[in-house]
Amino acid sequence: MRATMNTAAVTLLLGAGAVLALAPAGAQSIAARPEQLQYGPLRFEVPDAAKFRHELPGGIVAYIAPDRSLPLVSVVLHLRTGAFREPAEKPGLAAMTAKLMRVGGTAKRAPDEFDERADFLAAQVGSSSGNTSSRVSLNVLSTALDDGLDLLFEMLRTPQFDEERLSVEKGKVLETMKQRNDDAGDIQAREWSWLMHGRDHFTSREATAAELESITRADLLDFHHRTYGPERMVIAVSGDVDAPAIAANLRRRLQGFRAAERLPWPPEGPEFMPEPGLYHVEKEIPQGKVSIGHRSLQVTDWFDPEIPALEIMNDILGGGGFTSRLVKRVRSDEGLAYGAYSTFGLGNYWTGQFGMGYASKNPTVAFAMEILLEELDKIRHDPVTADELAVAKSSAIDSFPRAFESAAQIAGTFANDDLISRPHGYWTSYRGRIAAVTAPDVLAVAQKHLKPEALVTLVVGKWDEIAPGDPQGRAKMEQFAGGKVEHLPVRDPLTLEP
């Protein structure tokens, strides 16, 4: 209660201070309307990445951003392991390894002892794994930093993968598997991934119950031994630290860290090529869920002038929220859905995806789809308006400083640059490149990179209500994809077979 009261008191004092700081020395006129308010130019300098960068043993790089405002420290270690290093017959092994690193004890402490020690220190210690990288993390009071780092590096270097905890975690995953057809969004995500990347690439592999059961403690030990090492590791540290001191601390703890097996980098992309068309999965829901898209681009040059033009194009089409064309037409004008969106993903290691999506009442799915395709066609054939261009560019430029508004974001942004091989100079020229985008630039990238003939469309919902369209006859599903639809099977949640 005392902490809560103190926090509230500090908040009130800070608020009062802000009001006093903003109070004018003399009387000033107040604008009659919001649009009459005038602001000075936004001044923001991108932090210099070199000032935060520290070299550690074995080629490890750490970005350290001190912030003494609170007695808290965040440490995140990014490692080059993940699903791409799993055997194809054991999907989920990387995620299970990361999970058991945290809950399965260490060479020094049994699982319960590790948990109790973390609780005593009020430390959050975590481990997780993705497709192309894994991370271990620590959030702790600066007064307990050394003890917290002891736990973090115990977990990283000497996990024990307790058999009983492994059995519990496998049971939790199995229960999740049993429910993976319950939510239409889960079905949509799984089938869309398969339509884009096929079933064999590590980004889209889904474990069956039998494959889950096959994962053993020996598998976890082997995966950790083979893939967890210091190679190309990137560390982000922020908070109440002295940069030279924490760098020296990390150097000491990383000495002698055993190297992992070498593997070619970057990972191979999917060989699978999406097949354009209309696909459907039956699901008894009142609103059909729709995904539309195709493969997009891989970044080869972060300073390619097409990249900012694509960002602005996508913002105007459907990435800009309430100011975007898709939201205005689908939500505001027609009331067909709560929202609609578009994304234009740029892949780091292989092509990304362009996508549009929405959820609408079954009878209006077709009409909403017609609108999305109309807007896709429009942005490919007509220049965007001056107002649209100005709003999208201002949004990108004005929100840009948020990427660096805290010490954690500074360290995290620069660490991510190293992970994906993005030059730090990308940020210093970002606003200028956005400001230089013109309406002809937007039209050119839309015509070049939006490909209606390559669209894959996935609909999850009740087909006998979706197919006929709305009672007003504004659109029917038969008008898309030449009237052809491939009905995908509803798969068994444990075997993923029809």
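Reading the values: rules and limits
- Residue numbers here run from 1 along each chain, matching the order of that chain's written sequence.
- Residues qualify for local features only when their pLDDT is at least 70, as the model is predicted, and side-chain atom pairs are given and counted only at 80 or more; totals for whole chains, interfaces and linings, by contrast, use all residues.
- Side-chain numbers come from the whole structure's heavy atoms, not from hydrogens or water.
- A pair of aromatic rings is counted whenever rings of Phe, Tyr or Trp (Trp by its six-membered ring) have centres within 6.5 Å, and the orientation is called stacked for planes under 30 degrees apart, edge-to-face for over 60 and tilted otherwise.
- Numbering of helices and strands runs from the N terminus, with a helix taken as a DSSP run of H or I at least four residues long and a strand as a DSSP run of E at least two residues long.
- Buried residues are those whose accessible area, probed at 1.4 Å on protein chains only, stays under 20% of the maximum for their type, while exposed residues exceed 50% and partly exposed ones sit between those limits.
- The rule for a salt bridge is simple: a side-chain nitrogen of Lys or Arg has to be within 4 Å of a carboxyl oxygen of Asp or Glu.
- Nonpolar cores are built from buried Ala, Val, Leu, Ile, Met, Phe, Trp, Tyr and Cys residues. Side-chain atoms within 4.5 Å join them into one set.
- In this scheme, strands are said to pair when DSSP sees at least two bridges between them.
- The criterion used for residue contact is that any of the two residues' heavy atoms lie within 4.5 Å.
- The angle between two axes is taken between their N-to-C directions and runs from 0 to 180 degrees, where each axis is a line fitted to C-alpha atoms and a helix contributes only its stretch in contact.
- Patch criteria: residues need more than 30% relative accessible area and no salt bridge. Like-charged residues are merged within 9 Å; nonpolar side chains of Val, Leu, Ile, Met, Phe, Trp and Tyr are merged within 5 Å.
- The Shrake-Rupley method, run with a 1.4 Å probe sphere, supplies the accessible areas, and residue values consider only the shown protein chains as cover.
- Angle categories are assigned with fixed cut-offs, so that under 35 degrees is roughly parallel, over 145 is roughly antiparallel, 65 to 115 is roughly perpendicular, and the rest are oblique.
- Amino acid classes used here: Ala, Val, Leu, Ile, Met, Phe, Trp, Tyr, Cys and Pro are nonpolar; Asp, Glu, Lys and Arg are charged; the rest, including Gly, are polar.

A. Local environment of the packing of aromatic side chains. Counting across every chain of the model gives 18 aromatic pairs. Ring centres 6.3 Å apart and planes at 55° place the aromatic pair Phe 84 and Phe 202 in the tilted group. Pair noted here: Phe 84 is in the loop between strand S3 (72-79) and helix H2 (93-103) and Phe 202 is in the loop between helix H6 (184-197) and helix H7 (209-214), with a separation of 118 residues, a long-range link. For the pair shown, Phe 84 and Phe 202 are each scored as buried.

B. Spatial organisation of the pattern of salt bridges. If you walk through the whole model with that rule in mind, you get 28 salt bridges. Of the charged contacts in the structure, one is a salt bridge between Arg 474 and Asp 470, with a shortest N-O distance of 2.5 Å. A residue is classified by how much of its surface remains accessible, and Arg 474, at 32% relative accessible area, is partly exposed. The class of Asp 470 is buried, set by a relative accessible area of 4%. Salt bridges here are not isolated pairs; linked through shared partners, they connect Arg 102, Asp 112, Asp 115 and Arg 165.

C. Main features of the nonpolar core. Ranked by internal contacts, the top residues of the largest apolar core, which has 74 residues, are Met 313, Met 369 and Met 477. Sorting elements by how many residues they give to this core places helix H12 (residues 365-381) first, with 9 residues. Counting residues in each nonpolar core, the second largest holds 51 residues, with Val 73, Leu 151, Leu 166 and Met 233 among its members.

D. Inspection of the pairing of strand S2 (residues 61-66) at higher detail. Among the 6 residues in S2, 5 count as buried, and that is most of the element. As paired strands, strand S1 (residues 53-55) and S2 are joined by 3 bridges and run antiparallel to one another. Directly across from Arg 53, in S2, lies its bridge partner Tyr 63.

E. Structural view of the environment of Ile 410. In this fold, Ile 410 is placed in helix H14 (residues 407-420). Spatially, the C-alpha atoms of Ile 410 and Leu 310 are 25 Å apart, while their sequence positions differ by 100 residues. When residues no more than four places from it in sequence are discounted, the contact partners of Ile 410 are Pro 47, Phe 52, Ala 65, Ala 403 and Phe 404.

F. Spatial organisation of the sheet that holds S2. Pairing is mixed in the open sheet, where 6 strands are placed in the order S1-S2-S6-S3-S5-S4. Bordering the open sheet on either side are S1 and strand S4 (124-129), each of which pairs with just one other strand. For this sheet, the mean angle separating the axes of adjacent strands, direction not counted, is 15°. Judged from the 8 bridges that link them, S3 and strand S5 (residues 134-141) form a sheet pairing that is antiparallel. Looking at S5, one finds that Val 75 is bridged to Leu 138. Contacts from H2 reach S4 and S5, with the element oriented near 165° to S4.

G. Structural view of a nonpolar patch on the surface. Taken together, Leu 70, Leu 72 and Leu 141 make up a surface patch of nonpolar side chains, about 260 Å² in accessible area. Mapping Leu 72 onto the fold places it in strand S3. Residue classification places Leu 72 among the partly exposed positions, given a relative accessible area of 43%.

H. Here's a closer look at unusual backbone geometry. Residue Pro 266 follows Trp 265 across a cis peptide bond; omega there is 0°. Here Pro 266 is to be found in the loop between helix H9 (243-254) and strand S7 (277-282). Of note in this structure, Ser 421 is not a glycine but carries a positive phi near 60°. Within the fold, Ser 421 resides in the loop between H14 and helix H15 (425-428). Taking the relative accessible area as the measure of exposure, Ser 421 reaches 52% and is therefore exposed. For Leu 496, which is not glycine, the phi dihedral falls at a positive 60°. Along the chain, the position of Leu 496 falls in the segment after strand S14 (486-488). Looking at Leu 496, the relative accessible area reads 1%, which means it is buried.

I. Representation of the side chain of Ser 360. As for its position among the elements, Ser 360 is in strand S12 (residues 353-361). Residues within four places of Ser 360 in sequence aside, it is in contact with Pro 286, Gln 287, Gly 288, Leu 336 and Val 365.

J. The arrangement of the packing of helix H10 (residues 306-319) against helix H17 (residues 439-449) in detail. Axis separation between H10 and H17 bottoms out at 9 Å; the angle between their running directions is 90°. In terms of their interaxial angle, H10 and H17 are classed as roughly perpendicular. Contacts between H10 and H17 involve Glu 306, Ala 309, Leu 310, Ile 312 and Met 313 from the first element and Asp 441, Val 442, Val 445, Ala 446, Lys 448 and His 449 from the second. Residue composition of the contact of H10 with H17, grouped by class: 7 nonpolar, 1 polar and 3 charged.

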